[in-house]
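In case you want the letters, here they are:
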Amino acid sequence: RVGHILLQYLGTGLLQERDKRAKWHGIPTLLQKLYESSHPNSDLSQAHSLLKVLSSQLSMEAMSFVTEERKTAQESTFPNTYTFDLFGGVDLLVEILMRPTLTMQKKKPKMNDDLVKDCLSVLYNCCICTEGVTKSLAARDDFVLFLFTLMTNKKTFLQTATLIEDILGVKKEMIQLEGIPNLSGLVQSFDQQQLANFCRILSVTISEPDVGNDDKHTLLAKNAQQKRNASPSRAEVNQVTLLNIPGFIERLCKLATRKVSEATGANFLQELEDWYTWLDNALVLDALMQMATEEGEQSKSSDESSLATSPLRHRLPQSMKIVHEIMYKVEVLYVLCVLLMGRQRNQVHKMLAEFRLIPGLNNLFDKLIWRKYTASNHVVHGQNENCDCSPEISFKIQFLRLLQSFSDHHENKYLLLNSQELNELSAISMKANIPEVEALVNTDRSLVCDGKKGLLTRLLTVMKREPPDSSFRSALEMFVAIFNNVPQDLFFTWFCFFEHILYCIIDSGCTSRDVLQSYFDLLGELMKFNIDAFKRFNKYVNTAEKFQTFLTQINSSLVDSNMLVRCIVLSLDRFESQTEDVKVVEVLSECCLLSYMARVENRLSFLFRLINIINVQTLTQENVSCLNTSLVILMLARRKAKLPFYLNALREKEYAEKYPGCLLNNFHNLLRFWQRHYLNKDKDSTCLENSSCIPFSYWKETVSVLLGSDRTSLCAIATYIDEPFMDLDKDLLED
């Protein structure tokens with residue numbers, strides 16, 4: 001080892017002389033003694049004493065590091081840990097820890113728990129203070145797997161878990177969980193607190209590597225990536241490994257839904273801010289909790305007056321226990337959320353329902369998740385209002401993401417209601433003389449929410465209290481997922497929320513595109529095919545000024561509002577086929593929104609812009625909806641034999657703008673991409689069919705007709721592009 005060789009080369013005398021000038025604080029000399037006292041046949045007692053001295057010097061730097069907002073580690077900032085690593089201290093501690101695994105004896109020698117704990121703590125301090133140490137440890141697969149074996153010892157679990165978490169965070173290749181010796185036995189041996197801590201580690205092993213903002217990552221690049229990675233990823237393999245551990249999901253559900261004692265008094269938020277300002281690191285928080293627990297155990301046999309003056313007892317607020325629980329629930333919910341979105345989602349859904357995750361979260365909602373006296377915009381740690389760093393805000397966001405994953409296009413979404421609300425749905429179906437949704441009929445009433453309100457009702461209630469530009473956009477997106485294909489009549493049992501959405505779009509002055517997009521999407525899902533919704537819309541938007549403001553918001557960004565445009569177009573088409581219904585005819589004639597969309601020039605205007613704002617190279621998960629909305633407009637036109645009229649209008653628009661061929665060539669390329677994207681056997685096309693109530697076969701057929709090569713066909717795009725401007729053979733879809 002280079003560090004050890006350097007110590008031997010310098011010698012004791014030169015080392016001491018150089019130490020004074022370099023301000024090494026005696027660390028190389030202590031390391032030299034540590035080398036000498038840790039030879040293979042020593043009992044390591046002297047080595048442990050030396051390590052304690054070193055540990056005290058290094059821990060001060062680590063504490064300074066986590067209380068100074070994790071400044072970039074530099075040699076000059078943290079000289080002690082840098083010097084310790086420079087002279088081989090990190091390698092020496094790894095060797096000491098792994099020594100029992102290298103012996104040929106059948107009975108492995110047991111190392112002192114306190115020594116192991118101190119070795120791990122020093123290694124962690126070096127990781128967070130000195131650049132490169134974590135990466136060098138992560139490169140040693142043997143050491144990483146060895147660390148997991150140390151988690152069987154409760155006395156060293158905390159330090160081991162925190163070090164593993166740091167190492168896996170920088171490891172180039174994701175670890176394979178099935179390679180951990182006796183993983184199933186290890187996890188089953190954990191108590192609930194250890195399992196919660198273990199979830200922090202698991203989150204790194206089951207999540208796909210970040211490729212940037214998922215919405216912004218182009219679909220072209222994603223498709224190419226999927227072709228290259230046909231076999232299951234390491235993250236997917238790890239998910240299956242976890243699901244095969246007996247009782248794993250059940251224990252996570254218990255962890256997610258267990259209750260914690262409530263903090264009392266008005267100072268909770270202030271305490272939380274004061275403490276979380278410097279509790280930036282899980283090790284610090286866990287160490288405090290461990291010390292507090294140990295102190296509590298000592299109090300049973302100690303004099304009460306002496307404990308009253310205990311510095312820790314004096315400093316640690318009671319609310320820390322709640323913060324501790326909240327932080328772990330965030331990790332548990334994250335793991336459940338990832339598993340819900342994986343390939344085994346149906347298996348996970350079944351288990352989460354069986355173990356009553358949703359009723360459990362419903363019972364926690366008012367007391368812990370969304371407490372009345374907790375300001376949702378309360379910001380801690382000096383961050384801005386959109387920061388997800390505060391434990392409470394992180395908890396809310398992760399809770400909402402979990403529910404979004406749970407309810408998105410799955411029949412289990414009905415578990416978010418209680419029995420009374422399910423009965424309301426059944427009654428609505430009966431009154432409207434329509435058959436009940438099969439998923440509703442099959443919902444196991446023993447697994448739905450308890451109490452007077454279901455979880456969905458509670459969410460609607462708190463969302464009404466959120467400011468129009470609330471950062472909890474996830475909640476709105478989740479509502480869209482829940483309401484998709486749920487009888488919208490249920491929504492009108494909370495009809496005032498509908499007016500709240502319109503207020504936020506028209507009257508609140510909200511300018512956040514992200515928030516407005518969520519309102520548009522939600523409004524679209526709630527109004528689609530619902531004549532009462534359009535009637536209520538017309539009642540709220542009762543002046544020309546209000547309607548113009550509404551249109552301005554829609555037109556300001558079609559990427560954000562096109563799902564609402566799609567809803568209006570689809571609804572209009574259905575209502576026009578129901579002219580025998582007096583109520584429908586009345587609303588068709590009176591509703592300003594339906595009248596506006598009924599004018600063909602307005603539909604064409606939307607179509608022009610939807611095609612013009614996207615191209616194959618810029619398509620993302622966020623804006624591909626523009627392509628599908630333009631297709632919906634043309635499919636409905638095709639049903640009425642008006643497709644040639646629309647295609648000719650596109651051609652005339654090109655010539656009017658003096659860009660012949662530009663719009664139609666672009667649309668042709670977009671549709672070719674659409675075929676490759678949605679006709680891929682791995683793609684789930686049911687969302688297109690469900691959201692539009694148009695069979696996917698008609699989607700495919702319409703695209704094929706539009707892409708037809710016969711230039712005599714009045715329904716083929718090629719017919720409307722003059723020969724000099726043809727650019728259809730250019731393949732823009734390849735990498």
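The structure we're discussing is the one just above.
Just so it is clear, the model here is predicted, and its values are computed rather than measured.

Enquirer: Please give an account of the overall build of the protein chain that cites residues and values.
Expert: A count of helices and strands for the protein chain gives 39 helices and 0 strands. Counting all 735 residues of the protein chain, 53% fall into the buried class. Pairs at least 24 residues apart make up 77% of the contacts formed inside the protein chain by residues separated by at least 6 positions. If you sum the accessible surface of the protein chain, you get close to 34200 Å²; carbon and sulfur atoms cover 51% of it.

Enquirer: Please give an account of helix α21 (residues 357-369) that cites residues and values.
Expert: The terminal C-alpha atoms of α21 lie 14 Å apart, and with 13 residues this falls more than 12% below the ideal 18 Å at 1.5 Å per residue. Within α21, the full set of buried residues consists of L357, I358, P359, G360, L361, N362, L364, F365, L368 and I369.

Enquirer: Report on the environment of F537, specifying residues and quantitative values.
Expert: When you line up the elements, F537 lands in helix α29 (residues 531-540). Apart from residues lying up to four places away in sequence, F537 is in contact with F498, L502, M527, F550, C592 and L593.

Enquirer: Tell me about the pattern of salt bridges, and name the residues and values.
Expert: By the definition in use, this model includes 18 salt bridges. The salt bridge involving D142 is made with R140; its shortest N-O contact spans 3.4 Å. Residue class for D142 comes out partly exposed when judged on its relative accessible area of 40%. Salt bridges sharing common partners tie together D573, E576, R639 and K640.

Enquirer: I'd like a description of the packing of helix α31 (residues 558-575) against helix α35 (residues 624-639), backed by residues and values.
Expert: Relative placement of two packed helices is described by the angle separating their axes and the distance separating the axes. Between α31 and α35, whose axes approach to 9 Å, the crossing angle comes to 20°. Classified by the interaxial angle, the pair formed by α31 and α35 is roughly parallel. Relative to α35, α31 is oriented so that their crossing is left-handed. In this structure, α31 contributes L558, V559, N562, M563, V565, R566, V569, L570 and D573 to the contact, and α35 contributes S625, C626, N628, T629, V632, I633, L636 and R639. Of the residues in the contact of α31 with α35, the class split is 10 nonpolar, 4 polar and 3 charged.

Enquirer: Before we move on, can you summarise helix α32 (residues 582-590) with the specific residues and values?
Expert: Inspection of α32 places V584, V587 and L588 among the buried residues, and these make up the whole buried set. Taken around the axis of α32, the buried residues stretch over an arc of 105°, which confines them to a single face. More than 90 degrees from the buried face of α32, the exposed residues found are V582, S589 and E590. Looking at the buried positions of α32, the neighbouring elements they touch are α29, α31 and α33 (592-598). Capping the start of α32 is the job of one residue whose side-chain oxygen sits 2.9 Å from the backbone nitrogen of K583: D581.

The rules we used
- Residues numbered from 1 in each chain as written.
- Predicted model: local features only at pLDDT ≥ 70, side-chain atom pairs only at ≥ 80, totals over all residues.
- Heavy atoms only, no water.
- Helix = DSSP H or I, 4+ residues; strand = E, 2+ residues; numbered from the N terminus.
- Buried < 20%, exposed > 50% of the residue type's maximum accessible area, 1.4 Å probe, protein only.
- Contact = heavy atoms within 4.5 Å.
- Areas by Shrake-Rupley, 256 points an atom, 1.4 Å probe, with all protein chains shown as cover.
- Expected span 1.5 Å × (residues − 1).
- Salt bridge = Lys/Arg side-chain N within 4 Å of Asp/Glu carboxyl O.
- Axes fitted to C-alpha atoms, helices over the stretch in contact; angles between N-to-C directions.
- Parallel < 35°, antiparallel > 145°, perpendicular 65-115°, else oblique.
- Left-handed = near helix turned anticlockwise from the far one by under 90°.
- Nonpolar A, V, L, I, M, F, W, Y, C, P; charged D, E, K, R; others polar.
- Arc of directions from axis to C-beta.
- Polar contact = N/O pair within 3.5 Å; in protein donor to acceptor, adjacent residues only side chain to side chain.

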